Amino acid sequence: MDIHKLQEIVHKTRDARRKQTLPKYAPAERDTLIKKHHPDFRESAYRPITFGPNAGEKTVRELASLLEGNSVVPMDLDLTPQYTCDVLVVGGGGAGCAAALHAHAQGAKVMLATKLRLGDSNTVMAQGGMQIAVTNEDSPVTHFLDTLKGGHMKNDHDLLKVMVEEGPAIAKWLLSLGVLFDRDADGNLHVKKGGGSSKPRLLTASDYTGLEIMRVLKDEVLNQKIQLLEFSAAVELLSDGKGTCTGAVLRDLDNKRFLVVAARTVILATGGIGRLHIQGFPTSNHFGATGDGLAMSYRMGARLMHIDTFQYHPSGAVYPEQLIGALVTEGIRSEGGHLVNAKGERFVNELDTRDVVSSSIIRECEEGRGIRTMSGRIGVWLDTPLLEAEQGEGTVNKHFPAMVRQYERFGINIAKDPVLIYPTLHYQNGGVKIDTHGESDVKNLFVAGEASGGLHGRNRLMGNSLLDLMVYGKRSGLMAAARAKSGSQGRLTLEHVNKFKDEARKHHASSDVISPMLFPAYAKKE
Amino acid sequence: MADTDTQNVIDQEEVLRPKMVTVEIAGKKYEVPEGVTVIKALWYAGQEVIRGIGCLGGFCGACATYYRTKDDPKVRTCLACQTAVQDGMTFTMVPPFPARKAIYNMVELKDPKQDLFTLYPEAPLCRNCNACTEACPQKIDVREGVWKAVFGDFKSVSEMFMDCVMCGLCVPVCIADIAPNLVALYASRVQGAHFTEKPERLEHRIKEIADGKYKDEWARVMKMNEQELAKVCAELK
């Protein structure tokens, strides 16, 4: 059927829906819904990890095989360092830049290595905003409780408390660097309400919050002349043979040579796993989101946490085919956009947490109330024209210019027509277990941002990721710099990798998978 | 399966009649499926892309591309992850251009509007050719932005360039050797750091936290057991 004909039901039912209020699910209903429909509960997609720090715990098959994978580094590699520094930061997104800048400000000799360009990351795509409790009606404690509720009470309390309390200072730092957050008429920071939050708390820079922050941080890293190695992927960590991290092996992606970096401390800010396409899901993640940091730190003995839970963002584009996996910002739902099934009905409170909304969309589709595309995809409508009806003509264009542009390229005017969406793999809720200074179980190995775990529990609230990146980027940067100042450079060995290989043989789990994976293999080779 | 499910199927040209089109990538012809993005066409042609790829969401500016459509002499620009291929299209990715980025200490600038002319002395030499504006895949009026920066209207610059993904396509076309995206980034940062009100409420909140305003509440919450916490959380609306 013609897409416009199918959309008619959304236009027809709009006025009736506007009068409706849908309650959020009670905790018991919410649990039942999630267990029945959320991808985290698809037993067949999971398997236990055979050996290593998390032996016996379950995770998705794609990740398990990477964690048990093999190093690309030859064990007889000459480990004479080409580079020496105090703090090696791996990753050039938000967490990496925040860590590098703060460590540098402490006088540490910092190197930042990244496998693509500085700034190519998920951070740059964050549209929804950054949660910080700045209003009089709100408080860090309320932010803490909202996050805990969203995370199914499984969040690490100490990590979370630190994040919400340091939020305001982070906002001040970003403002001082020139980040342009939206303002109210009185000059105060404008706040929006995000899904799963009891108070409006999202700081935004229109729908370009992540881009705005990333542009500024990138520029600042260059201004501070921090040593930068682009197109250089970390492929292994180095240890002193006694369990302390002492550097890393990078791979120059042009000439494929290995580069040995001696570093007193290492900060992994390597991001998430979307490009593993867990359970076949499309992803909103950037090209390099392949969980490199997880694989490398696991081999060194760092414990991982909550790695059985992932966030599927409720609104990934399903149509047109070219936009598959691209995000339709949550901001549209924040401003009142309805989710509508093929029968023209709403089926969930659109501002419930991401796991609940995603589960309910999957439920509608599994139970036959979805809209199919000929390429075999399925989804539900997001009523974007409703925003124009509610707030006046031009609203969509004014509030969501990036979104409008994205669809306009394919001849779709989202101010007039609803868009088709389905959950897309968005975020790794867990990661490497860290303490409140970002340090993992391995001494002098720090992890910041999406690669770390514990803070978000089993479901991350919208807008908490940007804050996590900045706060734990900063804290790991400060602590790594302090540690480097007081410590000395340890021996460089691959002994932990050898030990890991022995462990694999012992468990008959020797694998032919090379990890980290670095990039998905999309190029067609025959 | 319910009736709704079988009725609600969108026709898609490219799936109903899978059609291959011919495109020319950096001088060599390939057959690729119609409607895929330029990046996907490169993958389909068997090319690994490491330089020229990033977020795949239209935000990072890594995949700046020149292209031309069939029989049209006009060379256009796009982001490869956001543009669909069509029959007869010719394209090539644009390597990074060696533009000069000025180095400055944002916090310590004393007269940032005047400093623009020391940091980017080429900025006022714009010859109004408008090539930068035509090159912008984000449809920013780049030329106008450069002039606004030169005349000190940094506020307008910051608003106009909020869409800028720093792809740099405005740079190689400039006959005055201006890097408009870098000029705009400087002006926007200055606008934020030097000419925007300090938000009072934020300062107030930072002080409250430092003064221990929430100490008692934290003590109460951090002592709660899981059940008590669940109850408090359930009460949040």
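Residues numbered from 1 in each chain as written. Chains lettered and ligands numbered in written order. Predicted model: local features only at pLDDT ≥ 70, side-chain atom pairs only at ≥ 80, totals over all residues.

Undergrad: I'd like to hear about the overall build of chain A, residue by residue, with values.
TA: From N to C terminus, chain A includes 15 helices and 20 strands. A principal-axis box enclosing the C-alpha atoms of chain A has dimensions of 70 × 55 × 45 Å. Relative to its 526 residues, chain A shows a buried fraction of 62%. The long-range share in chain A, meaning contacts at least 24 apart out of those at least 6 apart in sequence, stands at 75%. (Helix = DSSP H or I, 4+ residues; strand = E, 2+ residues; numbered from the N terminus. Buried ≥ 20, exposed ≤ 12 C-beta atoms within 10 Å, placed from the backbone. Contact = placed C-beta atoms within 7 Å.)

Undergrad: Describe the overall build of chain B, with residues and values.
TA: Broken down by element type, chain B carries 11 helices and 6 strands. A compact globule built from 237 residues should have a C-alpha radius of gyration of about 18 Å, whereas chain B, at 26 Å, is more than 25% larger. Considered along the principal axes of its C-alpha atoms, chain B spans approximately 70 × 70 × 30 Å. Within chain B, the fraction of its 237 residues that count as buried is 40%. When contacts within chain B are restricted to residue pairs at least 6 apart in sequence, those whose partners lie at least 24 apart make up 59%. (Rg over C-alpha atoms; globule rule 2.2 N^0.38 Å.)

Undergrad: Go over the sheet that holds strand β7 (residues 202-203) of chain A, please, and point to the residues and values.
TA: All names here are of chain A. One open sheet accounts for 3 strands, arranged β5-β7-β6; its pairing is antiparallel. Single-partner strands in this sheet number two, and they are β5 (130-131) and β6 (191-192). Bridging between β6 and β7 involves 2 bridges; their strand directions are antiparallel. Bridge pairing in β7 places Lys-192 opposite Leu-202. (Pairing = 2+ DSSP bridges.)

Undergrad: Please set out helix α8 (residues 292-299) of chain A residue by residue, giving values where relevant.
TA: Taking burial as the measure, the 8 residues of α8(A) include 8 buried ones, the bulk of the element. All of the buried residues in α8(A) are A:Asp292, A:Gly293, A:Leu294, A:Ala295, A:Met296, A:Ser297, A:Tyr298 and A:Arg299.

Undergrad: Go over the domain arrangement of chain A, please, and point to the residues and values.
TA: Residues and elements named next belong to chain A. Taken domain by domain, chain A holds domain 1 (3-37 + 311-425) and domain 2 (83-129 + 207-309 + 429-501). With 21 residues of domain 1 at the interface, the matching set in domain 2 holds 15 residues. Breaking the side of domain 1 that touches domain 2 down by element, the ones donating at least two residues are β13 (310-317), α10 (354-366), α13 (401-408) and β17 (419-428). Per-element tally for the side of domain 1 that touches domain 2: the top contributor is β13, with 4 residues. Taken together, the residues that form the side of domain 1 that touches domain 2 break down as 9 nonpolar, 9 polar and 3 charged. (Domains from an automatic or database assignment. Nonpolar A, V, L, I, M, F, W, Y, C, P; charged D, E, K, R; others polar.)

Undergrad: Mind laying out the interface of chain A and chain B, listing which residues take part and the relevant values?
TA: Reports often express the size of an interface as the amount of accessible area lost when the parts come together. Taken residue by residue, the interface counts 77 residues in chain A and 72 residues in chain B. For the side of chain A that touches chain B, the secondary structure elements donating two or more residues are α1 (3-18), α5 (140-150), α6 (157-177), α7 (209-223), β15 (371-373) and α13 of chain A. Considering each element in turn, the side of chain A that touches chain B owes the most residues, 10 residues, to α6(A). Counted by class, the side of chain A that touches chain B contains 40 nonpolar, 19 polar and 18 charged residues.

Undergrad: Describe in detail the packing of helix α4 (residues 94-105) of chain A against helix α14 (residues 464-486) of chain A, supporting the description with residues and values.
TA: Residues and elements named next belong to chain A. The geometry of α4 relative to α14 is characterised by a closest axis approach of 7 Å and an angle of 35 degrees between their N-to-C directions. The chirality of how α4 crosses α14 is right-handed. Between α4, through Gly-94, Ala-95, Ala-98, Ala-99, Ala-100, Leu-101, His-102 and Ala-103, and α14, the contact on the second element is made entirely by Leu-466, Leu-469, Met-470, Tyr-472, Gly-473, Lys-474, Ser-476, Gly-477, Leu-478, Ala-480 and Ala-481. Considering only residue class, the contact of α4 with α14 consists of 13 nonpolar, 5 polar and 1 charged. (Axes fitted to C-alpha atoms, helices over the stretch in contact; angles between N-to-C directions. Left-handed = near helix turned anticlockwise from the far one by under 90°.)

Undergrad: Help me get a handle on the domain arrangement of chain B, residues and values and all.
TA: Along its sequence, chain B is organised into domain 1 (3-93), domain 2 (106-194) and domain 3 (200-235). For domain 2 of chain B and domain 3 of chain B, the distance between their C-alpha centroids amounts to 44 Å.

Undergrad: Before we move on, could you go through the packing of helix α6 (residues 142-150) of chain B against helix α8 (residues 180-194) of chain B and cite the residues and values that matter?
TA: All names here are of chain B. In the contact formed by α6 and α8, the axes pass within 10 Å of each other and the chain directions differ by 45 degrees. With respect to their mutual orientation, α6 and α8 come out oblique. As for the relative orientation of α6 and α8, their crossing is left-handed in sense. Seen from α6, the contacting residues are Val-142, Gly-145, Val-146 and Ala-149; seen from α8, they are Pro-180, Val-183, Ala-184 and Ala-187. (Parallel < 35°, antiparallel > 145°, perpendicular 65-115°, else oblique.)

Undergrad: Give a description of the sheet that holds strand β4 (residues 64-68) of chain B that names residues and reports values.
TA: All names here are of chain B. Read from one edge of the open sheet, 5 strands run β3-β2-β6-β4-β5, paired in mixed fashion. Only two strands of the sheet have a single partner each, and these edge strands are β3 (28-33) and β5 (76-79). Averaged over all neighbouring strand pairs, the angle between strand axes comes to 35 degrees, with direction disregarded. The pairing of β4 with β5 spans 4 bridges and is antiparallel. Note on β5: the bridge partner recorded for Ala-64 is Leu-79.

Undergrad: Which residues make up the pairing of strand β4 (residues 110-113) of chain A, and what values go with them?
TA: Here is the key point about a regular strand: its side chains alternate between the two faces of the sheet. Residues and elements named next belong to chain A. Side-chain alternation along β4 places Val-110 and Leu-112 on one buried face and Met-111 and Ala-113 on a second face that is also buried. Strand direction decides the pairing type here: strand β3 (residues 83-90) and β4, joined by 4 bridges, are parallel. When the bridges of β4 are listed, Val-90 appears paired with Ala-113. The pairing of β4 with strand β8 (residues 227-229) spans 3 bridges and is parallel. By the bridge assignment, Leu-112 is partnered in β8 with Leu-228.

Undergrad: Please give an account of the nonpolar core that cites residues and values.
TA: Counting residues in hydrophobic clusters, the biggest one holds 222 residues, and the most contacted among them are A:Val87, A:Leu88, A:Val89, A:Ala248, A:Val266, A:Ile267 and B:Val183. The element contributing the most residues to this core is α14(A), with 10 residues. (Core = buried A, V, L, I, M, F, W, Y, C linked by C-beta atoms within 7 Å.)

Undergrad: Account for the pairing of strand β10 (residues 245-252) of chain A, with residues named and values stated.
TA: Residue and element names in this part refer to chain A. Among the 8 residues in β10, 7 count as buried, and that is most of the element. Bridge count for strand β9 (residues 232-239) against β10 is 7 bridges, and the pairing is antiparallel. What sits directly across from Ala-233, in β10, is Arg-251. Counted along the chain from β9 to the antiparallel partner β10, the turn is 5 residues long, and its residue Gly-241 has a positive phi close to 90 degrees.

Undergrad: Can you tell me about α4(A), naming the residues and giving the values?
TA: Residues and elements named next belong to chain A. The terminal C-alpha atoms of α4, which comprises 12 residues, lie 17 Å apart, in line with the 16 Å expected from a rise of 1.5 Å per residue. Extensive coverage of α4 is indicated by the burial of 11 of its 12 residues. Along α4, the residues that are buried comprise Gly-94, Ala-95, Gly-96, Cys-97, Ala-98, Ala-99, Ala-100, Leu-101, His-102, Ala-103 and His-104. The elements touched by buried residues of α4 are β3, β4, α7, β11 (258-268) and α14. (Expected span 1.5 Å × (residues − 1).)

Undergrad: Describe unusual backbone geometry, naming the residues involved and giving the relevant values.
TA: Residues and elements named next belong to chain A. Cis peptide bonds are those with omega within 30 degrees of zero, and the linkage from Tyr-319 to Pro-320 qualifies with -5 degrees. Of note, Pro-320 is situated in the loop between β13 and α9 (331-334). A cis amide bond, omega 0 degrees, links Ser-515 with the succeeding residue Pro-516. Secondary-structure assignment places Pro-516 in the segment after α15 (495-506). The backbone of His-152 sits at a positive phi, close to 60 degrees, despite the residue not being glycine.

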